[in-house]
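Coordinate analysis (summary)
As a plain string of letters, each chain reads:
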Amino acid sequence: MGIKGKESTKKGYRKRQRSTSIYFLLWAAFSAFALIIVLMFGFSQRVVMKQTYKTEAVRDLIEKGREIQTILGKEPQDGENKDELVRVLSSYYDVEVYVLNERGEVLLPRPPEMQESGEFSRVFDFSEKIVALKHKLSQTDAPFVIYEGTEEYIYGSKIALYEDSQAYLYVTKSLQLMNAATREMSTRVWLIAVFTFLLSFAVSSAVSGWLTRPISEMTKKARRLARGDFNVDFHGNDYGQEMVELADTLNFARDELSKTDKMQKQLIANVSHDFKTPLTMIKAYASMIIEISGDNKQKREKHAQVIVEEADRLASLVGDVLDLSKIRAGIDALKITTVDMSSYLAEILTRFDYLRETQGYIFEVDIDEDLYTQADELKIGQALYNLIGNAVNYTGEDKKVCVRMKKQGNGYFRFSVTDTGAGIRKEELAGIWERYYRSSNVHKRPVKGTGLGLSIVKTVLEKHGFSFGVQSEEGKGSTFHVDFPLQTLDKQ
Ligand code: ADP
């Protein structure tokens, strides 16, 4: 048993040592979060904004192109100079406006000297784009086409400027400004990314330090507690609700451990004391037989009788301690069967017959018939015997004990045992079920008690999952009860 326990503990430690620290996990989470934010930010800047700007720029260009087309297509007023009009439109709409003929010669705007000579200038720098636009225009019936380049957008349409020859209107919108803005934005996004990373590192370090400090402190204290130092005090103040709750839980565990530890020490002290008393008596009476009463039959028998009684007391004490530790450690698994509790209780009561017959105890018994339940017969029997035994031990002058087993009507039946004794003080009520050993009065009781009776009752009933309890009034007596689930049997 010991070896098994050790192994499982070791395994548990090994598993835990491999895990990553909260500090690192927090840092990783913060960095990942910062990365996602920066990526989303960068994406929205580069892609979404660029796309929006592009759509808006094309829409704006089409609008301007159509307006310019309408204005230029109108019959010229007297004295109107189209070259001048094109320049005015260019600056008004913040675009470049050109009208070209079939051969790619610039019809509008012409420099002043060419206006006089009637010459046309060739445009070479954007002729390639213009060829592409012209090709597109010839293939579609659409009133205009749009060229989307990296440096500029061009609106192109046929225009009836001179009746005799075909002319083309080209309105160019430069993208220089947008491209410069996008480049600037990229640089800023990178700067923001670096800054966010540094910031996330600083924040995660601070937060994880702040969060892990109380945990490390509590771990250190928990180690001290594990080594048996019950003076440690856990506190999670200033670290949030969860830490306060954890500290409270650990403090509760410490109190419980300390209580159990105290009880165990007390139990060992008392058990050893009670082992010692009968042993001393046995030794003393055995010596007396050897030295004094060996030849006196009457005295010898009396002394031998004391030895037998003390040996019995020792045996029952050892038996109870063993029972309790076996049930608690789970070595003695429950052997569940269907038990006829009505008959079984009647049988248990016969064990108290000698008290009725020789010491005048009065048992008032009221048991319903055919009450069956699923239980470990021997252990439940021991629990009920202990409860009845206590009632006998603690009942009043009238020596009355009332035992009932009654159907409750909600799928349960209740066993109860009532005495007329001094009762149990309110402040002691919660403690009586604990493994608390009381050796006083043991000799004066009619039923042998080892001080472990109620601990055995509690352990057995809890293992079965049965509910139980006690009501007691000082000066009037106590009633202990157990509720059993009713097992219905098919009667054939
Ligand atoms: P003990 O051998 O001392 O009776 P138990 O575990 O059976 O040990 O009971 C624990 C304590 O609970 C008793 O010492 C006693 O103080 C109290 N107790 C138990 N049953 C009764 C009862 N019927 N009336 C009054 N006190 C009781």
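Residues numbered from 1 in each chain as written. Predicted model: local features only at pLDDT ≥ 70, side-chain atom pairs only at ≥ 80, totals over all residues. Heavy atoms only, no water.

Notes on the overall build of the protein
- A tally of regular secondary structure across the protein gives 13 helices and 13 strands.
- Intrachain contacts of the protein at a sequence separation of at least 6 include 68% that bridge at least 24 residues.
- Working note: accessible area of the protein is about 30,700 Å², and carbon and sulfur atoms make up 56% of it. (Helix = DSSP H or I, 4+ residues; strand = E, 2+ residues; numbered from the N terminus. Contact = heavy atoms within 4.5 Å. Areas by Shrake-Rupley, 256 points an atom, 1.4 Å probe, with all protein chains shown as cover.)

Quick word on the nonpolar core
- L384, F415 and F484 are the most contacted members of the largest nonpolar core, which totals 43 residues.
- Taken together, the elements giving at least two residues each to this core come down to α7 (241–291), α8 (297–329), α9 (341–350), α11 (377–394), β10 (400–407), β11 (412–419), α13 (453–464) and β13 (477–485).
- No other element matches the seven residues that α11 contributes to this core.
- Sequence-distant contacts of F415, defined by excluding residues within four places in its chain, comprise L345, L384, L387, I388, V403, R404, M405, F480, H481, V482 and F484. (Core = buried A, V, L, I, M, F, W, Y, C linked by side-chain atoms within 4.5 Å. Buried < 20%, exposed > 50% of the residue type's maximum accessible area, 1.4 Å probe, protein only.)

Observations regarding the confidence of the model for the protein
- Looking at the protein, pLDDT values average 82 and 87% of them are 70 or higher.
- Residue range residues 1–15 is modelled with pLDDT below 50. Its contacts to residues more than four positions away, or to other chains, number one contact.
- Note that residues 439–443 has pLDDT below 50 and, in this model, seven contacts with residues that lie over four places away or in other chains. (pLDDT = per-residue confidence, 0-100.)

Things to note about the packing of aromatic side chains
- All told, the structure shown has nine aromatic pairs when counted by the stated rule.
- Aromatic side chains F352 and F363 sit 5.9 Å apart centroid to centroid with 40° between the ring planes, which places their arrangement in the tilted category. A residue pair is termed long-range when its members are at least 10 positions apart, and F352 in the loop between α9 and α10 (353–359) and F363 in strand β8 (residues 362–367) qualify at eleven residues.
- Residue F352 is classed as buried on the basis of its relative accessible area of 1%.
- Three or more aromatic residues link up through ring pairs in this structure, and these residues are F352, F363 and Y385. (Phe/Tyr/Trp six-rings, centres within 6.5 Å; stacked < 30°, edge-to-face > 60°.)

Observations concerning the sheet that holds β8
- Strands sit in the order β8-β10-β11-β13-β12 across an open sheet of five strands; the sheet is mixed. Whereas interior strands pair on both sides, the edge strands pair on one side only; in this sheet they are β8 and β12 (467–473). Sheet twist, expressed as the average angle between the axes of neighbouring strands with direction ignored, equals 10°.
- Here β11 runs beside β13; their pairing, made up of seven bridges, is antiparallel. Bridged to R414 within β13 is D483.
- Seen against the sheet, α9 touches β8, β10, β11 and β13 and runs at an angle of roughly 170° to β8. (Pairing = 2+ DSSP bridges. Axes fitted to C-alpha atoms, helices over the stretch in contact; angles between N-to-C directions.)

Observations regarding the pattern of salt bridges
- Applying the stated criterion across every chain yields a total of 21 salt bridges.
- Here D255 and R254 are joined by a salt bridge, their closest N and O atoms 3.0 Å apart.
- For K265, the salt bridge is made with D261, and the minimal N-O distance between the two is 2.8 Å. With K265 and D261 both in helix α7 and four residues apart, this pair spans about one turn of that helix.
- Judged by its relative accessible area of 22%, D261 is partly exposed.
- Each of E56, R59 and E63 takes part in one network of salt bridges that share partners. (Salt bridge = Lys/Arg side-chain N within 4 Å of Asp/Glu carboxyl O.)

Some words on the pairing of β10
- Two elements, β8 and β10, share six bridges in a ladder whose sense is parallel. Across the sheet, residue V365 finds its bridge partner in β10, namely V403.
- Looking at chain direction, β10 and β11 are connected through seven bridges and run antiparallel. In the strand pairing of β11, K407 is matched with F413.
- The antiparallel pairing of β10 with β11 creates a hairpin that spans four residues between the two strands, and G409 there sits at a positive phi of about 90°.

A short note on a nonpolar patch on the surface
- Taken together, the side chains of F24, L25, W27 and F201 present a nonpolar region at the surface, about 400 Å² in accessible area.
- A total of three residues in the nonpolar patch trace back to one element, the largest contributor, which is helix α2 (residues 22–73).
- Examined against the element boundaries, F201 turns out to sit in helix α6 (residues 176–226).
- Among the residues examined, F201 registers a relative accessible area of 45% and is labelled partly exposed. (Patch = residues over 30% accessible without salt bridge, like charges linked within 9 Å, V, L, I, M, F, W, Y side chains within 5 Å.)

Focus on the side chain of K173
- Mapped onto the fold, K173 is located in strand β6 (residues 167–174).
- Owing to a relative accessible area of 17%, K173 belongs among the buried residues under this scheme.
- Sequence-distant contacts of K173, defined by excluding residues within four places in its chain, comprise L61, K64, D94, V95, E152 and Y153.

Describing unusual backbone geometry
- Residue L108 is joined to P109 through a cis peptide bond whose omega torsion reads -10°.
- As for its position among the elements, P109 is in the loop between β2 (105–108) and α4 (112–117).
- Phi at D94 takes a positive value of approximately 55°, unusual for a residue other than glycine.
- By secondary structure assignment, the location of D94 is in the loop between α3 (82–93) and β1 (96–101).
- At K399, a residue that is not glycine, the phi angle is positive and equals roughly 55°.
- Position of K399 relative to the elements: it lies in the loop between α11 and β10.
- Judged by relative accessible area, which is 28%, K399 ranks as partly exposed.

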